[in-house]
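The lines below spell out each chain.
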Amino acid sequence: MLPVLLALALLGSRPATAADPGCPDAELFSAKLLTDICWSCLFPIRIAGLSIGGGERPAGASEAVLCACNDALGVPRPGMVVGMWEPARIVELTRAPACSPALGGLRLPLGSRRLLGTSGQGEYDGSDTSFYNVHWYAFPLLVLLDLFFEDRCNADGMMDFDILYLSELDPTWSNSELAFFTQPEAAWLASPVAFAACLADAASATAGSPVDSLFWCAGTWGRLYPFTGIAGAYGSRPRDTSLFAARSLAALHRRGLARRTMGDTALCRAPVEPFLPKSQYRLSMFYPLPEASSAHVIGESPFRWGEWRTLPGPGEDHLYLLWRWNDCCATF
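Residues numbered from 1 in each chain as written. Predicted model: local features only at pLDDT ≥ 70, side-chain atom pairs only at ≥ 80, totals over all residues. Heavy atoms only, no water.

**Considerations on a nonpolar patch on the surface**
For clarity, the threshold we go by: The residues that make up patches have over 30% relative accessible area and no salt bridge, and they are joined within 9 Å when like-charged or within 5 Å when they are Val, Leu, Ile, Met, Phe, Trp or Tyr. Accessibility throughout is a Shrake-Rupley quantity obtained with a 1.4 Å probe, and a residue counts as covered only by protein chains that appear here. In what follows, salt bridge is the name for a side-chain nitrogen of Lys or Arg lying within 4 Å of a carboxyl oxygen of Asp or Glu. Secondary structure follows DSSP: runs of H or I at least 4 residues long count as helices, runs of E at least 2 residues long count as strands, and numbering of each begins at the N terminus. Exposure categories follow from relative accessible area, calculated using a 1.4 Å probe and restricted to protein chains: below 20% of the type maximum is buried, above 50% is exposed, and the middle band is partly exposed.
Together, L103, L106 and I163 make up a nonpolar patch on the protein surface, roughly 220 Å² of accessible area in all. Looking at where I163 falls in the secondary structure, it is placed in strand β9 (residues 162-166). Under the relative-accessibility criterion, I163 is labelled partly exposed at 36%.

Following this line, the structure appears as structure tokens:
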């Protein structure tokens, strides 16, 4: 797989333009795969209690040194605890339905546009809301590059680049009333007290440590609820796209489609986690202006990492690389 990716990188290093001017090419499989990814964000790598490299671990990461997991026959096998930041997903935020910058500016064949999600709301006009479609791709980069990665540590079994979620096919993404039925707790989370609590999460996230217990907050980005692609137009594009990425991630957790990979409970098997463990994740922008030397936590103020990371026209669509802290038991 590594020679194939290197060949794609060399071929993609030649200048090219997207055939569709309304759907830009992010050049994901190009030389940017080597230059625009924060490779230092892999660290620290923790092996049997020893940390390699600098960087910060999340507060909920496992402190164990040794472990034991049952094999296929149910026999416990000893091992050592390994933990690291794993590049796991590509999150794509686009203004145009069915547009995929990650796939070279391709328009996905999703059928009639009348059936796709839209920002049209009777009580709003175009200046009142911000709306983005969200696409999730499996991106197990360590597996693709055949780097050090224990099979047991592959929490969801992803082995290749693949499409996981398209918001155009999700009616709740463009309709807050429908979205309410998938997360009814949004009713009591809309209280002034719940809003005020998000101030603490905003301060903590900007310092680098989001508060997991305040699961309804997205720090300085706004509220996670409702899980829709609609937000007020007062935010910048990096802020809005980050908020929508976090909302869609929270929706995947709420529907049992994402797992907890952090902590002692995830050493042998990653359990389904219905509420978003914010400290388990980090994001780094890949397109249009990459974060090649850092990553930011959920809710961290974009003034620290990327308020300027947008360009008029094609640079208004965004791609983020999702980093996930992965604790696992590497058995002997």
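**Regarding helix α6 (residues 237-254)**
To be explicit about the condition: The span you would expect from a helix comes to 1.5 Å times its residue count less one.
Between the first and last C-alpha of α6 there are 25 Å, a value that for 18 residues agrees with the 26 Å anticipated at 1.5 Å per step. In terms of burial, α6 is largely enclosed, as 16 of its 18 residues are buried. A positive phi of about 75° marks G256, the residue just after α6.

**Details of the confidence of the model for the chain**
Close inspection of predicted coordinates is inappropriate for parts of the model with low pLDDT. The criterion, for reference: Every residue gets a pLDDT, meaning the predictor's confidence in that residue, from 0 to 100. Any two residues having at least one pair of non-hydrogen atoms within 4.5 Å are treated as being in contact.
Here the chain averages 86 in pLDDT, while 87% of its residues score no lower than 70. This stretch, residues 1-18, has a pLDDT under 50; its non-local contacts, to residues over four places away or in other chains, come to 21 contacts. With pLDDT under 50 throughout, residues 119-124 is counted as low confidence; its partners more than four residues away or in other chains account for four contacts.

**Here we look at the packing of aromatic side chains**
The condition that has to hold: Each pair of aromatic rings taken from Phe, Tyr and Trp, with Trp reduced to its six-membered ring, is defined by centres within 6.5 Å and is described as stacked if the planes are under 30 degrees apart, edge-to-face if over 60, and tilted in the remaining cases.
Overall, the coordinates contain 14 aromatic pairs when judged by the stated rule. An aromatic cluster of at least three residues, connected via ring pairs, comprises W188, F215, W216, Y225, F227 and F275.

**Focus on the state of the cysteines**
Test applied: Defined by distance alone, a disulfide is two cysteine sulfur atoms within 2.5 Å.
Under the definition given, this model contains six disulfides. There is a disulfide in this structure between C23 and C99, and the S-S distance comes to 2.1 Å. Handedness of the C23-C99 disulfide follows from its S-S torsion of about 95°: it is right-handed. Linking C23 in the loop between α1 (2-12) and α2 (32-35) with C99 in strand β5 (residues 99-100), this pair joins segments that are 76 residues apart in sequence. Take C99: its relative accessible area is 0%, and that puts it in the buried class.

**Points about the environment of L243**
Note that L243 resides in helix α6. For L243, a relative accessible area of 2% translates into the label buried. Expressed as a C-alpha distance, the spacing of L243 and F227, which sit 16 residues apart in the sequence, is 10.0 Å.

**Some remarks on the nonpolar core**
Counted only if it meets this: Residue types Ala, Val, Leu, Ile, Met, Phe, Trp, Tyr and Cys, when buried and joined through side-chain atoms within 4.5 Å, form a set referred to as a nonpolar core.
In this structure, V91, L93, W136, W216, W221, L224 and Y225 are the most contacted members of the largest nonpolar core, which totals 40 residues. When residues of this core are traced back to their parent elements, those giving at least two are β4 (76-94), β8 (133-138), α5 (192-206), β10 (230-232), α6, β11 (281-287) and β13 (318-331). No other element matches α6, which puts eight residues into this core. Apart from residues lying up to four places away in sequence, L93 is in contact with Y132, N133, V134, T241, F244, A245, D317, H318 and Y320. Of all hydrophobic cores here, the second largest spans 28 residues; its members include L28, I45, L141 and L142.

**Here we look at the side chain of S167**
Selection criterion: Whenever two N or O atoms come within 3.5 Å, that pair is a polar contact, provided that in protein one can donate a hydrogen and the other can accept it, and provided that, for residues adjacent in sequence, both atoms are side-chain atoms.
Mapped onto the secondary structure, S167 falls in the loop between β9 and α4 (176-180). A polar side-chain atom of S167 sits 3.2 Å from a polar atom in the side chain of N133. A polar contact is formed between the side chain of S167 and the backbone nitrogen of V134, at a distance of 2.8 Å. Every residue in contact with S167, bar those within four places of it in the chain, is listed here: N133, V134, H135 and W173.

**A look at α5**
Note the following rule: As used here, the arc belongs to the directions running from the helix axis to the C-beta atoms.
With 15 residues, α5 should cover 21 Å at 1.5 Å per step; its first-to-last C-alpha distance of 22 Å lies within 8% of that length. Regarding α5, the residues found buried are A194, C198, D201, A202 and A205. One side of α5 holds all its buried residues, which, seen down the axis, span an arc of 110°. Opposite the buried face of α5, by more than 90 degrees, sit the exposed residues P192, V193, L199 and A203. Tucked into the core, α5 has its buried residues touching β12 (296-297). G208 lies just past α5 and shows a positive phi near 105°.

**Section: the pattern of salt bridges**
Inspection of every chain in the model, using the stated rule, returns 14 salt bridges. With a closest N to O distance of 2.5 Å, R89 and D156 form a salt bridge. Pair noted here: R89 is in strand β4 and D156 is in the loop between α3 (141-144) and β9, with a separation of 67 residues, a long-range link. Measuring nitrogen to oxygen at the nearest pair gives 3.8 Å for the salt bridge that ties E300 to R304. Taking the relative accessible area as the measure of exposure, R304 reaches 52% and is therefore exposed. Among the charged side chains, a salt-bridge network with shared partners connects E86, R89, D156 and R324.

**Focus: the pairing of β8**
Quick reminder of the rule: When DSSP finds at least two bridges between two strands, those strands are taken to pair.
Most of β8 sits inside the fold, with six of its six residues counted as buried. Summarising the sheet, β4 and β8 pair through six bridges and their orientation is antiparallel. By the bridge assignment for β8, T94 is matched with N133. Note: β8 against β9, four bridges, orientation antiparallel. The residue bridging H135 from the neighbouring strand is L166, located in β9.

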